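# Survey of secondary and tertiary structure
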Amino acid sequence: MASLVARDQTLANHVEIPVHINSMEQKQRQEPDGNHVDYSQRAQWLRAAVLGANDGLVSVASLMMGVGSVRKDAKAMLLAGFAGLVAGACSMAIGEFVSVYTQYDIEKSQMKRQTKAGSGRESTQEEDQRLEKEKLPNPAQAAVASALAFSAGAVTPLLAAAFITDHKVRLAVVAVVASLALLLFGGIGAVVGKTPVASSCARVLVGGWLAMAITFGLTKLIGSTGLEM
């Protein structure tokens, strides 16, 4: 009985001293070697850039292949590709702006709710809010990046076909250049995102081939049914 009383007194007299870790110590723990990279933040820009470039390349190359299946003159292919470049870049910019702005509003609302729920930690909350605001996505930057990335991908097949007069050679060059660019985009995305290079390149390449083949085949089929071109 005496031992139980002594134990209760010991527990009652025991006081836990909270240890607050400042932001510098947290940063040092998160970055022991000073080489820590936030891949989640990098992935946001990587996604927009790779997606935009890949969409621009596949869309314009497929469009040019489709037009080339029914028209032999280079002017028709180039005009169709240029129209696809402009329309696609505008579409990507607007879509990315709306998407990222929605994400921005959601994260900002979440920050406000967390601020109202917290109490007694004013200085810590202000520091956390400052850091969180720095991490918020920028809709305008995302829109511009998507448009530029789409244009960079879309201009590749246009340049490849611009100076080739022979119809069949032009189609072959567009397909080959688009395939090489798809491999390049897939490899860049895999290296920067720290994912397997082979599987990433294979997915991007096969997807591009399917898009070009389907567009070429369906357009050729419609053109062969008596549609006046």
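Treat the numbers as computed from the prediction; the structure is a model and nothing was measured. The residue count restarts for each chain, going from 1 along the sequence in the order it is written. Totals for whole chains, interfaces and linings use every residue, but because this is a predicted model, local features are given only for residues with pLDDT of at least 70 and side-chain atom pairs only at 80 or more, for both listing and counting. Working from all heavy atoms in the structure, the side-chain values ignore hydrogens and water.

### Examining the pattern of salt bridges
The working definition used for a salt bridge is a side-chain nitrogen of Lys or Arg within 4 Å of a carboxyl oxygen of Asp or Glu. Scanning the model with the defined rule gives 1 salt bridge in all. Residue Arg 71 is joined to Asp 73 by a salt bridge in which the shortest nitrogen-to-oxygen separation is 3.4 Å. Residue exposure (1.4 Å probe, protein chains only): buried if accessible area is under 20% of the type maximum, exposed if over 50%, otherwise partly exposed. Under the relative-accessibility criterion, Arg 71 is labelled partly exposed at 32%.

### Topic: the UniProt feature "transmembrane region" (unreviewed entry) in the protein
UniProt positions are given in the numbering used here, feature names are shortened, and annotations may be inferred rather than shown by experiment. In the numbering used here, UniProt assigns the "transmembrane region" (unreviewed entry) feature to residues 76-94, 142-164, 171-192 and 204-223. The helix and strand labels rest on DSSP assignments: H or I over at least four residues marks a helix, E over at least two residues marks a strand, and numbering proceeds from the N terminus. In residues 142-164, helix accounts for 91% and strand for 0%; the two terminal C-alpha atoms are 35 Å from one another. Each end of residues 171-192 is marked by a C-alpha atom, and these two atoms are 32 Å apart; helix forms 100% of the span and strand 0%.

### Some points on a nonpolar patch on the surface
Patches in this entry comprise residues that are over 30% relatively accessible and not in a salt bridge; like charges within 9 Å are linked, as are nonpolar side chains (Val, Leu, Ile, Met, Phe, Trp, Tyr) within 5 Å. Here the open area of atoms and residues is found with the Shrake-Rupley method and a 1.4 Å probe, where only the protein chains shown may cover a residue. Where nonpolar side chains cluster on the molecular surface, the patch consists of Val 206, Trp 209, Leu 210, Ile 214, Leu 218 and Leu 221 and spans about 600 Å² of accessible area. Checked against the element boundaries, Leu 221 lands in helix α8 (residues 197-223). Classification of Leu 221 by relative accessible area gives exposed; the value is 51%.

### Brief notes about the nonpolar core
To qualify as a nonpolar core, a set must consist of buried Ala, Val, Leu, Ile, Met, Phe, Trp, Tyr and Cys residues joined through side-chain atoms within 4.5 Å. Of all hydrophobic cores here, the largest spans 31 residues; its most connected members are Leu 57, Val 60, Met 64, Val 174 and Leu 182. Those elements that provide at least two residues to this core are α3 (39-68), α4 (74-117), α6 (139-162), α7 (167-193) and α8. The dominant element in this core, judged by the number of residues it contributes, is α3, at 8 residues. Any two residues having at least one pair of non-hydrogen atoms within 4.5 Å are treated as being in contact. What Val 60 contacts, discounting residues up to four positions off in sequence, is Gly 81, Gly 84, Leu 85, Ala 154, Pro 157 and Leu 158.

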